[in-house]
Amino acid sequence: MKEQIPNLDGLSRVYAVLGDPIAQVQTPRLINPIFAAAGANLFAVPFHVTAEHFDGAWDAFSSMSNLAGIGVTVPHKVAACARCTTLTPTAKAVGAVNSVQRGADGRMHGALFDGQGFVDGLGAAKSRLRDARVLLVGAGGAGRAIAFALAEEGVGQLDIIDPVHSSLAFTREMFNAVRGRECARAADTSRGWAYDVVINASPIGIKGTERFPMPEASIQPGMLVADIASLTGETPLLRTARAAGAAVSDGNDMLAAQIRLIAGFATGLRAGTPIV
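So, here is what we can say about the structure in this document. Note that the structure is a prediction, hence the values are computed from the model and not measured. Positions within a chain are numbered from 1, following the residues in the order the chain's sequence is written. Two thresholds apply to this predicted model, a pLDDT of at least 70 for residue-level local features and 80 or more for giving and counting side-chain atom pairs, whereas whole-chain, interface and lining totals are computed over all residues. Excluded from the side-chain calculation are hydrogens and water; included are all heavy atoms of the structure.

**A few points about helix α9 (residues 251–266)**
- Between its terminal C-alpha atoms α9 stretches 22 Å, which fits the 22 Å expected from 16 residues at 1.5 Å a residue.
- The rule is simple: take the accessible area with a 1.4 Å probe, protein chains only, and divide by the maximum for that residue type; under 20% is buried, over 50% is exposed, in between is partly exposed. By the criteria applied, helices consist of DSSP H or I runs no shorter than four residues and strands consist of E runs no shorter than two, each listed in order from the N terminus. The set of residues buried in α9 consists of Gly 251, Met 254, Ala 257, Gln 258, Ile 259, Leu 261, Ile 262, Ala 263, Gly 264, Phe 265 and Ala 266.
- Here a polar contact is recorded for every N or O atom pair within 3.5 Å, except that within protein the pair must consist of a potential hydrogen donor and a potential acceptor, and residues adjacent in sequence are included only if both atoms are side-chain atoms. Structurally, the start of α9 carries an N-cap: the backbone nitrogen of Asn 252 is 3.0 Å from a side-chain oxygen of Asp 250.
- Directly after α9, the chain includes Gly 268, whose backbone phi takes a positive value near 105°. To estimate the expected span of a helix, count its residues, drop one, and scale the result by 1.5 Å.

**With respect to the pattern of salt bridges**
- Salt bridge, as applied in this entry: a Lys or Arg side-chain nitrogen positioned within 4 Å of an Asp or Glu carboxyl oxygen. On inspection of all chains with the given rule, the structure shows 10 salt bridges.
- Notably, a salt bridge pairs Arg 83 with Asp 59, separated by 2.5 Å at the nearest N-O pair. Taken together, the residues span a long stretch of sequence, with Arg 83 in helix α3 (residues 77–83) and Asp 59 in helix α2 (residues 54–62) at a distance of 24 residues.
- Residue Arg 83 is classed as partly exposed on the basis of its relative accessible area of 30%.
- Residue Asp 59 is classed as partly exposed on the basis of its relative accessible area of 41%.

**Observations regarding the sheet that holds strand β6 (residues 108–111)**
- Strand order in the open sheet made by the six strands is β2-β1-β3-β5-β6-β4, with mixed pairing throughout. Looking along the sheet, the strands with just one partner apiece sit at the ends: β2 (42–48) and β4 (86–87).
- Looking at chain direction, strand β1 (residues 13–19) and strand β3 (residues 67–72) are connected through five bridges and run parallel. Counterpart to Leu 18 in the pairing with β3 is Val 72.
- For this analysis, residues touch if any pair of their heavy atoms sits within 4.5 Å. The axes used here are C-alpha line fits, helices contributing only the stretch in contact, and every angle between their N-to-C directions lies in the interval 0 to 180 degrees. On top of the sheet, helix α1 (residues 27–37) reaches β1 and β2; it is set at about 170° to β2, its chief contact.
- Sitting on the sheet, α2 touches β1, β2, β3, β5 (99–102) and β6, and the angle it makes with β3 is about 155°. A pair of strands is considered paired only if DSSP assigns at least 2 bridges between the two.

Here's what the structure looks like:
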């Protein structure tokens, strides 16, 4: 163990990543090199915790003074949100967290970085968001967080597609509340597909045979097309967008930006401050 983790000692701190299942979680692999490069004596460790044992695990970890925080993945994001002492505005609005910072006093501070990670992952292309006409497909947890971030970036119009009416309505109302005006709505395909930005925040393209609802011929060179489902391979949506000459962003852009935000939070920085 000493050869594998040469600086592991009694002063080391732990960032516990909780999920069920846990084998697919990439956070430890991605974030530990960032901690090491920053000189932080801190290690992300995955723990398989089922829903029935979540409260017990939370109580145990939160009582440990050398716990830096908790990374939260499926299915614990909502349950963890309810256990936090404080929440960032995004986490409060969406009702979920994916990272929790333990304060020196034992208080647990929850954050949700999906939305900011998406926006930061766009790089220079984020400037396209202000006053843009945006199509968002998928109003689940990630989609809601992205919608919140889009509202903060000053998107002009948000059209939403999601088969679950309650999810769509929640996201629409949240977006309009942040923007302070009615500029989000359920997408009406009869109006056509005149968008500046197209975002897939759904599993379309990686699960099942469902096709992205926007016709391929409607994707134009001047568009920005983002697909957060694209991590290990290019989805049909991104292939079409590249062929059309549109600017593209995939799930790895969002993940890389989000991991640095989570790393900063885990080391004690203010939420939203990436580690450098």
